[in-house]
Amino acid sequence: MKFFKLNFMQLVIFSLLCMSYTTASLLSNPNCPTSYTGAPRATTPNLGQVRYCNTSGCHQDFALNNAGGSVAAIGLPNAKYVPGQLYNFSIKINHATANRTIWGFAIKAVNTVDNKNVGTFSSTNPAATLKGLISSSSLELSHANATTTPASNSFSYINLSWTAPALPTPNESNIRFYITGNAGNGDGGEAGDYIYTTTVNASLSTLPLTLGSFNITEASELEVKIQWQTLQEFNTKQFEIETSADGINWNSIKTIAAKGKSNSTQTYFSIDKKPAAFNATIFYRLKMIDENNSFTYSDIKNIRLKNSGIVIKNLSAQPLQLQQNGLLEVHSIKAGNILLAVFNINGNSLYNKTTIINKGVNRIEIPFNNFTKMKGTYFVKINCNGFEKVIQQIIN
């Protein structure tokens with residue numbers, strides 16, 4: 001019986017010693033648990049729950065951000081973040097007095113819609129580690145083992161990195177970093193430690209894309225090729241090709257859907273088969289529109305096609321008077337037929353005639369006095385050898 005009692009007492013003592021050793025080991029080399037950064041939980045159970053180390057039964061002696069201390073992240077995106085970009089940063093923990101000897105941190109990045117993880121943390125600092133599960137939206141960067149120092153009022157964790165999502169989702173337009181720092185007294189226990197917190201907000205750049213190049217070339221003697229490349233696109237909706245005869249007044253001639261999301265080079269092109277003029281400067285630009293219908297313009301490019309087709313001179317005597325005919329001058333490199341049509345502002349056809357033209361200069365009279373009984377705006381449409389142009393005519 002004595003033997004049994006002795007063994008039982010030895011067993012109890014041995015167990016207590018083991019427990020004491022294990023507790024002391026954990027407290028002297030603490031490892032940061034996940035989900036205590038202050039970021040709302042994104043999954044069930046505990047959806048939306050907010051937790052900090054000072055309310056988790058760990059470092060509960062003081063309220064958050066007490067004793068004049070703070071935590072800050074240096075190097076995270078400032079207000080705006082660039083998709084796919086790597087941000088190197090550090091976390092500095094400050095305390096009011098130089099009596100802290102153990103330091104810890106944790107940081108998590110989430111979107112502000114449903115609090116899911118955004119981007120990827122990494123580190124070359126052996127005192128920092130990635131923790132949590134991507135599938136459970138709990139992934140965060142924190143100390144692997146809290147760092148011990150001589151008594152000090154500050155400490156920085158360096159060589160930390162965060163990479164922005166390469167192709168952000170609409171929910172990731174606005175993100176928030178939740179950061180917590182621990183300034184401990186190093187006594188091997190949880191009492192007497194201070195927890196400091198902060199947040200950093202960043203939003204996606206509103207530019208619809210990064211335009212790499214925009215070029216205008218002669219596709220043929222009668223056509224213009226418009227080509228451009230994007231280096232990256234984020235929520236880009238479409239492109240509109242605009243053209244102008246004077247660089248001031250612009251008309252959209254074609255709409256092309258964008259790839260939408262891409263962090264690699266994308267190439268687009270279109271052929272303008274009915275340029276605004278021949279033997280005269282034509283201006284082109286791109287209107288680049290994102291999903292929110294905000295837009296930017298490219299630089300303006302221009303080209304001058306060779307005088308190898310049709311050159312249309314504007315109607316003479318602009319504006320015309322009632323009962324006055326118009327005179328149209330047509331330069332052509334070959335003989336052929338030209339179709340003339342006149343419409344009023346309501347789109348009603350007033351005149352339609354096919355006329356033969358010769359090689360060289362042709363002067364064609366349009367008998368406005370036969371069908372314009374009222375002052376106003378009229379449109380003359382010319383179609384010849386595949387070339388088409390509309391001229392506005394004012395009648396006073």
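What you see is a predicted model, and the numbers here were worked out from it, not measured in a lab. (Residues numbered from 1 in each chain as written. Predicted model: local features only at pLDDT ≥ 70, side-chain atom pairs only at ≥ 80, totals over all residues. Heavy atoms only, no water.)

(A) Seen up close, the packing of aromatic side chains. The full count for this structure, using the stated rule, is 15 aromatic pairs. Ring centres of F89 and F121 lie 6.3 Å apart, and the angle between their planes is 65°; this geometry places the pair in the edge-to-face category. Of this pair, F89 sits in strand β3 (residues 86-94) while F121 is found in strand β5 (residues 120-123), placing the two residues 32 residues apart along the sequence. Consider the rings of W228 and Y268, whose centres lie 5.5 Å apart with planes at 10°: the pair is stacked. Here the residue W228 occupies a position in strand β13 (residues 223-234), and Y268 occupies one in strand β17 (residues 266-272), the gap between them amounting to 40 residues. Exposure class is identical for W228 and Y268. Each is buried. By way of ring pairs, the aromatic residues Y81, Y87, W162 and F177 are connected into one cluster. The ring of F269 is capped by K225, whose NZ or CZ atom sits 5.3 Å from the centre of that ring. (Phe/Tyr/Trp six-rings, centres within 6.5 Å; stacked < 30°, edge-to-face > 60°. Helix = DSSP H or I, 4+ residues; strand = E, 2+ residues; numbered from the N terminus. Buried < 20%, exposed > 50% of the residue type's maximum accessible area, 1.4 Å probe, protein only. Lys NZ or Arg CZ within 6 Å of the ring centre and 35° of its normal.)

(B) How the structure looks around the side chain of T101. Checked against the element boundaries, T101 lands in strand β4 (residues 100-111). Beyond its immediate sequence surroundings of up to four residues, T101 is in contact with T147, T148, T149, P150, A151, G184, N185 and G186. (Contact = heavy atoms within 4.5 Å.)

(C) The environment of T236, seen in detail. Note on placement: T236 falls in strand β14 (residues 236-244). T236 sits in the buried class, given a relative accessible area of 1%.

(D) Layout of the pairing of strand β11 (residues 194-204). The buried fraction of β11 amounts to 8 of the 11 residues, a majority that puts the element mostly inside the structure. In this structure, strand β2 (residues 79-81) lies alongside β11, joined through 3 bridges in parallel fashion. Following the sheet pairing, K80 is matched in β11 by S203. Pairing geometry for strand β10 (residues 174-184) and β11, over 10 bridges, is antiparallel. Directly across from N174, in β11, lies its bridge partner S203. (Pairing = 2+ DSSP bridges.)

(E) Layout of the pairing of β17. Taking every second residue as pointing to the same face, the buried face of β17 carries Q266, Y268, S270 and D272, while none of T267, F269 and I271 on the other face is buried. As paired strands, β13 and β17 are joined by 7 bridges and run antiparallel to one another. When the bridges of β17 are listed, T230 appears paired with Q266.

(F) Region of interest: the pattern of salt bridges. Summed over the entire model, instances satisfying the criterion amount to 2 salt bridges. Taking the shortest distance from any N to any O, the salt bridge between R285 and E242 comes out at 2.7 Å. Taken as a pair, R285 in strand β18 (residues 281-290) and E242 in strand β14 lie far apart in primary sequence, 43 residues in all. The exposure classification of R285 matches that of E242, with both residues buried. (Salt bridge = Lys/Arg side-chain N within 4 Å of Asp/Glu carboxyl O.)

(G) Fine view of the sheet that holds β3. Strand order in the open sheet formed by 4 strands is β1-β3-β9-β5, with antiparallel pairing between adjacent strands. Of all strands in the sheet, those with a lone pairing partner are β1 (70-74) and β5, marking the two edges. Going across the sheet, the axis of each strand differs from the next one's by a mean of 30°, ignoring polarity. Across 5 bridges, the pairing between β1 and β3 is antiparallel. Considered in β3, the bridge of I74 is made with S90. (Axes fitted to C-alpha atoms, helices over the stretch in contact; angles between N-to-C directions.)

(H) A look at the confidence of the model for the protein. Model confidence for the protein is summarised by a mean pLDDT of 83, while 85% of its residues fall at 70 or above. Considering only residues more than four positions removed or in separate chains, one finds that residues 1-6, a stretch of pLDDT under 50, has 0 contacts. In this model, residues 10-29 is a region of pLDDT below 50 whose contacts with residues beyond four sequence positions or in other chains number 4 contacts. (pLDDT = per-residue confidence, 0-100.)

(I) Seen up close, unusual backbone geometry. The omega torsion across T44 and P45 is 0°, close enough to zero to call that bond cis. Considering the arrangement of structural elements, one finds P45 in the loop between α1 (2-28) and β1. One non-glycine residue, A79, adopts positive backbone phi at about 75°. Topologically, A79 is positioned in strand β2.

(J) Main features of the environment of K237. Here K237 shows up in strand β14. It is 5.0 Å that separates the C-alpha atoms of K237 and E291, two residues lying 54 residues apart in sequence. Setting aside residues up to four positions removed in sequence, K237 forms contacts with A257, A258, I289, D290, E291 and N293. At 3.2 Å, the side chain of K237 forms a polar contact with the side chain of N293. (Polar contact = N/O pair within 3.5 Å; in protein donor to acceptor, adjacent residues only side chain to side chain.)

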